[in-house]
Amino acid sequence: MPRTPDPGTPESDHGEEPWLGSDKVSELWQVRGHWLPSAAALADVRVRRYGGESRGTWGAALTFYDYHPGDARRAAADIAEGRVDIPSVWRLNTPGGRLAEYGGLFAFRLGCLILLALVLSGMWMLVHELASS
């Protein structure tokens with residue numbers, strides 16, 4: 001016999017709007033992705049958190065967040081009108097925030113370039129040593 005809801009149970013809303021991912025909310029609020037959960041707490045936005053399970057010795061899995069669409073849109077208006085005080089270094093539309101965002105990216109790329117140069121020079125020295133033997 002199929003399971004049917006009780007007569008007094010309210011109908012579920014199948015037209016419910018899907019929760020928003022971090023990329024969409026970051027674009028909507030102009031807040032750096034790393035700071036979205038903190039900004040959501042400041043703006044009183046409901047958040048679904050998933051992932052982040054412990055991997056024992058290997059650390060933890062990545063944590064992902066989804067944001068309630070109605071709350072996120074309300075918070076976007078509040079943030080734009082200055083009713084939610086978001087620190088400028090968290091923002092993507094302030095000089096301090098852009099410097100923090102792109103400065104970190106620049107440092108990461110520079111580190112990768114230096115590592116690549118070290119690996120290639122080590123390989124070249126190894127090949128040169130083997131050829132001269």
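Preceding this section is the structure that the text describes.
Bear in mind that the values here come from a model prediction, so they are computed numbers and not experimental data.

Engineer: What is the right way to read the environment of Ser54 from this model?
Structural biologist: Residue position: Ser54 is located in the loop between strand S2 (47-51) and strand S3 (63-67). For Ser54, the contacting residues outside a window of four places in its chain are Gly59 and Ala60. Engagement of the side chain of Ser54 in a polar contact is seen with the backbone nitrogen of Gly56, the distance being 3.1 Å.

Engineer: Just to check I follow, could you spell out the packing of aromatic side chains for this structure?
Structural biologist: For any pair of aromatic rings, the description consists of the separation of the ring centres together with the inter-plane angle of the planes. In total, this model carries three aromatic pairs according to the counting rule given. Aromatic pair Trp29 and Tyr67: ring centres 5.9 Å apart, planes at 65°, arrangement edge-to-face. Of the two residues, Trp29 sits in helix H1 (residues 22-29) while Tyr67 sits in strand S3, which places them 38 residues apart along the sequence. What makes Tyr67 buried here is its relative accessible area of 0%. Relative to Phe64, the ring of Tyr50 has its centre 5.7 Å away and its plane inclined at 25°; by these criteria the two rings are stacked. In this pair, Tyr50 is assigned in strand S2 and Phe64 in strand S3, connecting sequence segments 14 residues apart.

Rules used throughout
Residues numbered from 1 in each chain as written. Predicted model: local features only at pLDDT ≥ 70, side-chain atom pairs only at ≥ 80, totals over all residues. Heavy atoms only, no water. Helix = DSSP H or I, 4+ residues; strand = E, 2+ residues; numbered from the N terminus. Contact = heavy atoms within 4.5 Å. Polar contact = N/O pair within 3.5 Å; in protein donor to acceptor, adjacent residues only side chain to side chain. Phe/Tyr/Trp six-rings, centres within 6.5 Å; stacked < 30°, edge-to-face > 60°. Buried < 20%, exposed > 50% of the residue type's maximum accessible area, 1.4 Å probe, protein only.

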